Amino acid sequence: MNELDLFGARGGPASVIHVLADEAQKCQAVLQSMLPRESNSKEVDSSLLAVISFPSFAVDDPMLIKLTRDTIQDKLQGRYGCKRFLRDGYKTAKEDPSRLYYEPWELKRFEKIECEWPLFYCYLILDYCFQNDKEAVKEYAEMLEELLVTTEDGLRLVPEIYTVPAENVEQEYKEPGSQDRVAVGKLPFMWAQSLFIMGRLLQDNFLACGELDPLNRRLGSEKKPDVVVQVVVLAEDSSIQAKLQALDIPVQTIAEVSPIEVQPARVLSKLYAHLGRNQKLGLSGRQSRDVGILSTSKLYSLQDRIFAFTPQSVDTEEWYAMHDINLLCYYLKSHVAFLKETWFSSMLGRPTITYLVQSFMLEDGKIPTAMVSTLKKIKSGYINGTRVALGKMQEFLNTSCITSLNFLHDNENGYPDSLKPEVKDYLEKQMRGSLSWRRADLVRMSSRFGEKKSIRDPSARRRFSVKGTIRKSRTLLVDDEKANVPSRRRSGLDHIFYYGEEVPSQGSSRRESTVTSPTGEQGPPILEVSCPATPTRVTPPLSSRSRSPSPEKEELWESMVRHRVASDAVYENVEFEELLLQMREAESLEEQGDILHYLVVQFGLNYETGSVIEGQPVIVKDLLKDLYERACHDKNWALVRHTAGMLGKRVEDLAKAVTDLLVRQKQVTVGLPPLHEVTITAPLPASELRVLIHNAYGADESTAMLTQELLVYLAMFIRTEPSLFHEMLRLRVGLIIQVMASELARTIKCEADIASDHLLNLSPFEMKNLLHHIMSGKEFNIGSARSGTFFISSKSTKLSKKGLHAEKKSTIGSFLGTTVEGEARDLEADRHGQWLRRRRLDGALNRVPLNFYPRIWKILEKCQGINIEGKVIPQSLTQEMTAGELKFALEVETVLNTIPQPEYRQLVVEALMVLSLVREYHQTGWLGDIVSAQDIVHLANNIFLQDQKQEGGDATTCCARDKKEPGIGGGLTCGGAAYICIHFYDSAPSGKFGTMSYMIRAVCCNLNCFPQDGEMDCTVS
């Protein structure tokens, strides 16, 4: 469809269809992630034959095509054709033709008696004709021949469907496929008849496949030549160019590529906003701001100019993570790999990535090692198995994919040869360079503050200090018991605070409330502060002030209710000038950050400071932006994330990242479990996503920004490594963050709150590495480049069901003060904690065994329901849904997600797997009324503790002792979640003392379907 002129030779720029390559790729991703499912409510449908084969040929993965065809043949094919889908009641004997719809509970009555359609035999014949599989064509042609109805004139006609007669329905229920069917419906069924005739013409060589497929779409699944990705590296100025050329890397400056214009992706986004815009018809044009790598890898022609665009994801003015050079280089390699897999053969030309090296990327005036290494790999011609070509822009003009932007012409007003006035003005402004308020002005402003000397007593400054305000606002807590580190008493500030209802905006209004912990204890009061709508000394924000573009719907962000804890209310009467004085005298960025956090909460972003620069009043937001830029420069990532959150920034690819996850059939939740998770099930604009995420975390701006960051990394992984997400339906980002912090605490042996600080201070690249290790189950080492700064590296081993052969752990040097003697203890701790860690990670990622949800469906056939921590999965779901439906899996997942402890969740999953084995291998008609999964887990734990007493196992030091002592908060001494011994969590599934053995014993004791006397073999094979 892209660049198709609807009027052909008589058309013009106004009649051409434009489809962004990234939007087409997104549709392809939806299709490939759903197959062989037809939709959320149908696990398979025979109509998919028309998608994977003639006439659509919409799938280019041969393995996926085969899987879909095999699934249809296995589940839907019968003697008389294929069923449309499972539980299809159309024209069956049990259908009530007087009604237009079925009730959900009655769908099961159509199971095993669905009508069969000869139509789909015709599709299979055509499919095998295109594959040139003569044996299969002959087989299906013979089967179809028996189904044809001969008329009095001797015509062979294809009937619509074959159904089971009413008198044979009961017998068909008992023995599916045993009863003869009769033809009903239309005769001939013209759809099927036309396909039958085409099939005969192909078989008799009166037609060739190419005549039915003139666009050669059938060749889409054939092996294609490797894509060569062209890379153009540009230097911001001649100084950087000289440094790169000294390393034998050919580069040009932006000036040298003229007349080709190089612009950031946001310019292309602005231009595409005019696509489809028409004032006379009331059409607003394209709304999305996101432009993917496929679109920016093209060159664009507009009148007599050529435009090249840098990727959106590496726009440093939009996203702070691009100040991390390691992540920037990773993005470049990731983009190259993604283009290799997704570049459409229909796009004429090669993809071209334009990469700009800027002065802020230098380290001590030198090109960073990571960048040098990446560019040299690109120069070699191969990087990560992808062919690349490094060269100059002019050299690639003849081989690049070039797209016309003719839709920007002013056709609506009758000037087809001229650009729209607003487009022309915008482009001229971009050519000149936008007049932005320079960072140097802010620095000069800060130094101007510093000219005044403090005459106050130092003790007064200490009395009014707001030090630690940012840290108090964080809600990211790690359970010390989960991290297996010594705990210390936490202050009341560690409760989670959330946005309340918006209060009236006439003046500053406050409402005191309390936070109740899960145990029922009340935390400290919270003051909700709403910034006044028209306060004194407040100036509306100026769009041209900031280096960074303002987010959409800025007023929505700045009017949000912000919180502070009641303990901060002692500063309520402190003068604004006194706080500015403290900021001038602050010795570190963190101290300035604490003060500015308080100023934002107390006075709002638009409060005037009393200073003026170039005729413009300086507001609190300007101070915060200056601090953000200095924190980026100093790589103070915890402060960068917090100030970015206070400013309401969003990561550049946020909406696109969430959409990439959703189109691959993954739901996303944000917020900290168990009570404040918000599920995202449909794509949302970036501005709404940003507000939704920050609402979920309340006053914790740091974790809200970290959530946005992780969503981008998850989307990156699912595009390049989809295998990491197998058997995962819902990505719970809040729980993943908690597990990342607990893993960090476990690895570096520090207290929980310290681990949270270290997590937020990880560089974006190391954050991405840590998330990848969590997702893949790999063990990781932590090193220290300098005090308080870590890097993540892989061990050579990976957790597997066979166990972990751990290597000697690396340390982080003097920061931890680890000795050689401690390495042996670390090794032993790793061996003891491996299964606890595995269960915790799998639980946090919602990962389940293969075919887990269909197994649960089969368990429900044998009982009234399954109780999981007070929530019941009812048997009635089997009446409404089939075993493979995504809707059923989501229902089960929702119940499982009510369990807050990930390791306990995984034990419940194991218990359910044992129940499925009982249903499968033990010939019993009924498992009971309501089967309680948690009772099986707790009973298995009790049996485990009895064995531990007899064998003198590790649990005798805690839960298996005769005299038990309560642990912290009334829990177990060992710290096990949900009153399950931590040594049971840390047991391997298999073996005599494995968790599966104890689960089987617990099932035998808990259910009444087993013999009560004699011995039973409970061996786990």
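Quick caveat, the model's predicted, so the values are computed rather than measured. (Residues numbered from 1 in each chain as written. Predicted model: local features only at pLDDT ≥ 70, side-chain atom pairs only at ≥ 80, totals over all residues. Heavy atoms only, no water.)

Draft legend 1. Structural detail: the packing of aromatic side chains. All told, the structure shown has 20 aromatic pairs when counted by the stated rule. For the pair Y90 and W117, a centre-to-centre distance of 5.8 Å together with 20° between the ring planes defines the contact as stacked. In this pair, Y90 is assigned in the loop between β2 (81-83) and β3 (116-117) and W117 in strand β3, connecting sequence segments 27 residues apart. Take Y90: its relative accessible area is 26%, and that puts it in the partly exposed class. A ring pair is formed by Y272 and Y300, whose centres lie 6.3 Å apart and whose planes are at 80°; its orientation type is edge-to-face. With Y272 in helix α10 (residues 265-272) and Y300 in strand β11 (residues 299-302), this pair connects stretches of sequence that are 28 residues apart. Side by side, Y272 and Y300 carry an identical accessibility label, which is buried. Here a set of aromatic residues connected by ring pairs shows up, and it is made of Y90, W117, F120, Y123, F189 and W191. (Phe/Tyr/Trp six-rings, centres within 6.5 Å; stacked < 30°, edge-to-face > 60°. Helix = DSSP H or I, 4+ residues; strand = E, 2+ residues; numbered from the N terminus. Buried < 20%, exposed > 50% of the residue type's maximum accessible area, 1.4 Å probe, protein only.)

Draft legend 2. Spatial organisation of the pattern of salt bridges. Inspection of every chain in the model, using the stated rule, returns 32 salt bridges. Residue E106 pairs with R109 through a salt bridge whose shortest N-O separation is 3.1 Å. Relative accessible area serves as the criterion here: at 3%, E106 is assigned to the buried category. Look at R109 and you get partly exposed, because its relative accessible area is 37%. (Salt bridge = Lys/Arg side-chain N within 4 Å of Asp/Glu carboxyl O.)

Draft legend 3. Looking closely at the sheet that holds strand β29 (residues 863-868). In space, the three strands of this open sheet follow the order β30-β29-β31, with mixed pairing throughout. Looking along the sheet, the strands with just one partner apiece sit at the ends: β30 (871-874) and β31 (928-932). Each strand axis lies, on average, 25° off the axis of its neighbour in the sheet, ignoring direction. Examined bridge by bridge, β29 and β31 share four bridges and lie parallel to one another. Bridging across to β31, N867 finds its partner in S932. (Pairing = 2+ DSSP bridges. Axes fitted to C-alpha atoms, helices over the stretch in contact; angles between N-to-C directions.)

Draft legend 4. Layout of the packing of helix α4 (residues 119-131) against helix α7 (residues 190-203). Packing of α4 against α7 leaves a shortest axis separation of 9 Å and a crossing angle of 30°. The orientation of α4 with respect to α7, classified from their angle, is roughly parallel. In this structure, α4 meets α7 at a crossing whose hand is left-handed. Residue-level contacts link L119, C122, Y123, I125, L126 and C129 of α4 to W191, A192, L195, F196, M198, G199, L202 and Q203 of α7. The class makeup of the residues in the contact of α4 with α7 is 12 nonpolar, two polar and no charged. (Parallel < 35°, antiparallel > 145°, perpendicular 65-115°, else oblique. Left-handed = near helix turned anticlockwise from the far one by under 90°. Contact = heavy atoms within 4.5 Å. Nonpolar A, V, L, I, M, F, W, Y, C, P; charged D, E, K, R; others polar.)

Draft legend 5. Quick peek at the sheet that holds strand β12 (residues 305-309). Taken in spatial order, the four strands line up as β10-β12-β11-β16 in an open sheet, and their pairing is mixed. What marks the edges here is a single partner per strand, and that holds for β10 (261-263) and β16 (402-404). Between one strand axis and the next, the sheet turns by 30° as a mean value, whatever way the strands run. One ladder, built from three bridges, connects β11 with β16; its direction is parallel. Bridged to L299 within β16 is I402. Contacting β10, β11, β12 and β16, α10 crosses the sheet at an angle of about 120° to β12.

Draft legend 6. Expanded view of the confidence of the model for the protein. For the protein, the average pLDDT comes to 76, and 77% of its residues sit at 70 or higher. In this model, residues 434-464 is a region of pLDDT below 50 whose contacts with residues beyond four sequence positions or in other chains number 47 contacts. Below a pLDDT of 50 lies the segment residues 563-571, which in the model reaches 31 contacts outside its immediate sequence neighbourhood of four places, other chains included. (pLDDT = per-residue confidence, 0-100.)

Draft legend 7. Fine view of the nonpolar core. Y320, Y713 and L759 are the most contacted members of the largest nonpolar core, which has 124 residues in total. The leading source of residues in this core is helix α26 (residues 701-720), at 12 residues. (Core = buried A, V, L, I, M, F, W, Y, C linked by side-chain atoms within 4.5 Å.)

Draft legend 8. Structural view of the environment of P421. Looking at the secondary structure, you find P421 in helix α14 (residues 421-432). Once the C-alpha coordinates of P421 and D410 are considered, the two residues, 11 residues apart in sequence, prove to be 7.9 Å apart.

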